[in-house]
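# Structural characterization, general
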Amino acid sequence: MTARVLIVDDEPDIRELLEITLGRMSLETTCAEDLKSARAALSSKTFSLCLTDMKLPDGNGIELVEHIQADFNQIPVAVITAHGSTETAIKALKAGAFDFVSKPVDLQKLRELVKSALRLSDATSPEASLVEDTRGKATSTITGTSPKISILREQISKLARSQAPIYISGESGAGKELAARAIHEQSSRRDAPFVAVNCGAIPEELMESELFGHLKGSFTGAEQDKQGLFQAANGGTLFLDEVADLPLHTQVKLLRVIQEKAVRPVGSQKETHVDVRLLSATHKNLAREVEQGRLRQDLYFRINVIELAVPALRERPEDLSELAITLLQKIAKENTAPECMLSPSALEALHSYSFPGNVRELENILQRAATLCEDNLITADNLEFMPGATDPAEQLESAAASEPPIHREELDLDADFSLEKHLEAIEIGAIEKALEETRWNKTAAAKKLGMSFRSLRYRLKKLGLD
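Residues numbered from 1 in each chain as written. Predicted model: local features only at pLDDT ≥ 70, side-chain atom pairs only at ≥ 80, totals over all residues. Heavy atoms only, no water.

What follows deals with the overall build of the protein. Secondary structure summary: the protein contains 20 helices and 16 strands in total. Put simply, the protein has 466 residues, and 46% of those count as buried. Expressed as a percentage of contacts within the protein between residues at least 6 apart in sequence, the contacts between residues at least 24 apart total 70%. Summing over all exposed atoms, the protein offers an accessible surface of approximately 24200 Å²; the carbon and sulfur share of this is 50%. (Helix = DSSP H or I, 4+ residues; strand = E, 2+ residues; numbered from the N terminus. Buried < 20%, exposed > 50% of the residue type's maximum accessible area, 1.4 Å probe, protein only. Contact = heavy atoms within 4.5 Å. Areas by Shrake-Rupley, 256 points an atom, 1.4 Å probe, with all protein chains shown as cover.)

Okay, here's the thing in structure tokens:
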């Protein structure tokens, strides 16, 4: 069945341009010049997409977005805004618009937007519901049945229908990347790449090259052209974890990429168009980062169009048992070993602990316990918790206090002393120890060090250990 698009604009020339463009895409179109006629069309016909101008004779596009969200929420809506009206575009996205396109309309960008919206419309049709139910559970199942997790799932399902930039907030280890993957997998971009990058793990001097790519010879060591992460995620989703760690000069370039939907590789004079949905996260308080001058305010408003809060593990204790079982199944699969079980004493011990490191800490604890336990049964004695009280803040303080103090007299601050080299030596020692203890299993070593696998890989390369 041919898809039908509702075009709402009071300018005949714009309506004609959109009709011709969509007609060449083999799409049927219905035109309306105001809100009243748009509502009438929605009541009488079935649409796969709505394109609406922001300014209409009897109202505005946001009113139409809200009307469709309330009564026809399976229809994606894209809003046509005046050039440079960022605030208006953000309001439309917050109201539930799928995406926006600025005047004068770039027809190539419009065609990409329409294709993406129609994929989403197809995926949410009654005929596709059975397939989507199966695919939606593919790889990023969010474990738990607590009220907070149920709300999170509902929010993810709704946000997956939009192209709006989303800021995912939450403590370290709470599952922000898992939420980002779930959004991607339920979106119209699910068949395209999902690329995740930890901004805090990339050396500052390589940041622009990693994000935007570079040309051969653009700097020392650039022996060939390199595709950046934005290009790698083209058509899909780019997840910038720890986005607040980006240097200020890189923030300027990132802002331009978001606004222009184009990247300029290091050493190039030309921009390359990219179609990427941006998701970002950090455990830091973004508003405070802006106040203290570490995050540009204009970038803050562009990445924080919609916020998705991921709850800490201690806020959903009823999910702990199910999470532990799921993680033990994962650990057994990764290690090709029998699945370990939790004894009643181990479960009781887990429930009495508040997990300042959240799900990541739970996984690390279970990984170690699965290695140490006998007969595949984990007891309370196999569990190693961070020392301290049950309050997370007190636990972190206790952990810091338990670290051996650094005695200044132990450091030989002679003329050849280099703090950078001293810290690098400590880092190398910690990484080598973790690798030795895990028999050079980099995934397990990364978990032991409390960092992502990608972060460890960057550090190994930087320190010459790979």
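Once you've had a look at it, read on.
Here the protein averages 85 in pLDDT, while 88% of its residues score no lower than 70. Ignoring residues within four places in sequence, the model shows residues 124-138, a span with pLDDT below 50, making ten contacts including any to other chains. In this model, residues 389-409 is a region of pLDDT below 50 whose contacts with residues beyond four sequence positions or in other chains number 22 contacts. (pLDDT = per-residue confidence, 0-100.)

The next thing to look at is the sheet that holds strand β7 (residues 99-102). Ordered by their spatial adjacency, five strands build an open sheet running β2-β1-β3-β6-β7, and the pairing between neighbours is parallel. The sheet is open, and its two edges are formed by β2 (28-32) and β7, each paired on a single side. For this sheet, the mean inter-axis angle between neighbouring strands, taken without regard to orientation, is 20 degrees. With five bridges connecting them, strand β1 (residues 4-8) and β2 associate as parallel partners. Within β2, the position partnered with leucine 6 by the bridge is threonine 30. Docked against the sheet, helix α2 (residues 35-44) engages β1 and β2, running at close to 165 degrees with respect to β1. (Pairing = 2+ DSSP bridges. Axes fitted to C-alpha atoms, helices over the stretch in contact; angles between N-to-C directions.)

Moving on, we get to the packing of aromatic side chains. Inspection of the entire model under this criterion finds six aromatic pairs. Relative to phenylalanine 301, the ring of tyrosine 300 has its centre 5.3 Å away and its plane inclined at 65 degrees; by these criteria the two rings are edge-to-face. For phenylalanine 301, a relative accessible area of 46% corresponds to the partly exposed category. Seen from their ring centres, phenylalanine 355 and phenylalanine 385 are 6.5 Å apart, and the 80 degrees between their planes marks the pair as edge-to-face. Here phenylalanine 355, found in the loop between α15 (344-351) and α16 (358-372), pairs with phenylalanine 385, found in the loop between β16 (377-378) and α17 (392-402); they are 30 residues apart in sequence, far enough to count as distant. By relative accessible area, which is 1% here, phenylalanine 355 ends up buried. For phenylalanine 385, a relative accessible area of 25% gives the class partly exposed. Taken together, Tyr353, Phe355 and Phe385 form an aromatic cluster joined through their ring pairs. One residue, lysine 261, lies across the ring of phenylalanine 100, its end atom 5.7 Å from the ring centre. (Phe/Tyr/Trp six-rings, centres within 6.5 Å; stacked < 30°, edge-to-face > 60°. Lys NZ or Arg CZ within 6 Å of the ring centre and 35° of its normal.)

Here α16 contains 15 residues, and its C-alpha end-to-end distance of 22 Å stays within 8% of the 21 Å for a straight helix at 1.5 Å per residue. Within α16, burial applies to Asn358, Val359, Glu361, Leu362, Glu363, Ile365, Leu366, Gln367 and Ala369. (Expected span 1.5 Å × (residues − 1).)

Any two side chains of opposite charge can pair, on the condition that their charged atoms come close. Tallied over the full model, the rule gives 21 salt bridges. Taking the shortest distance from any N to any O, the salt bridge between glutamate 208 and lysine 253 comes out at 2.8 Å. Of the two residues, glutamate 208 is situated in helix α9 (residues 207-212) and lysine 253 in helix α11 (residues 248-260); the sequence distance between them amounts to 45 residues. Of the charged contacts, one joins lysine 284 and aspartate 245 as a salt bridge, the two residues approaching to 2.7 Å between their closest N and O atoms. Note that lysine 284 is positioned in the loop between β13 (277-282) and α12 (286-291) and aspartate 245 in the loop between β10 (237-241) and α11, a separation of 39 residues in sequence. Given a relative accessible area of 29%, lysine 284 falls into the partly exposed group. Overlapping salt bridges bring together Lys330, Glu334, Glu363 and Lys447 as one network. (Salt bridge = Lys/Arg side-chain N within 4 Å of Asp/Glu carboxyl O.)

Within the largest apolar cluster, 32 residues are counted, with the highest numbers of intra-cluster contacts made by Leu211, Phe230, Leu238 and Leu240. Mapped onto this core, the elements with two or more residues apiece are β9 (194-198), α9, α10 (229-232), β10, α11, α12 and α13 (297-303). At four residues, α11 tops the list of elements feeding residues into this core. (Core = buried A, V, L, I, M, F, W, Y, C linked by side-chain atoms within 4.5 Å.)

Glancing now at the pairing of β10. Along β10, five of the five residues are buried, which leaves the element largely enclosed by surrounding structure. Pairing between β9 and β10: five bridges, direction parallel. When the bridges of β10 are listed, alanine 196 appears paired with phenylalanine 239. Inspection of the sheet shows β10 paired to β13 by five bridges, in the parallel sense. Bridge pairing in β13 links leucine 238 to leucine 278.

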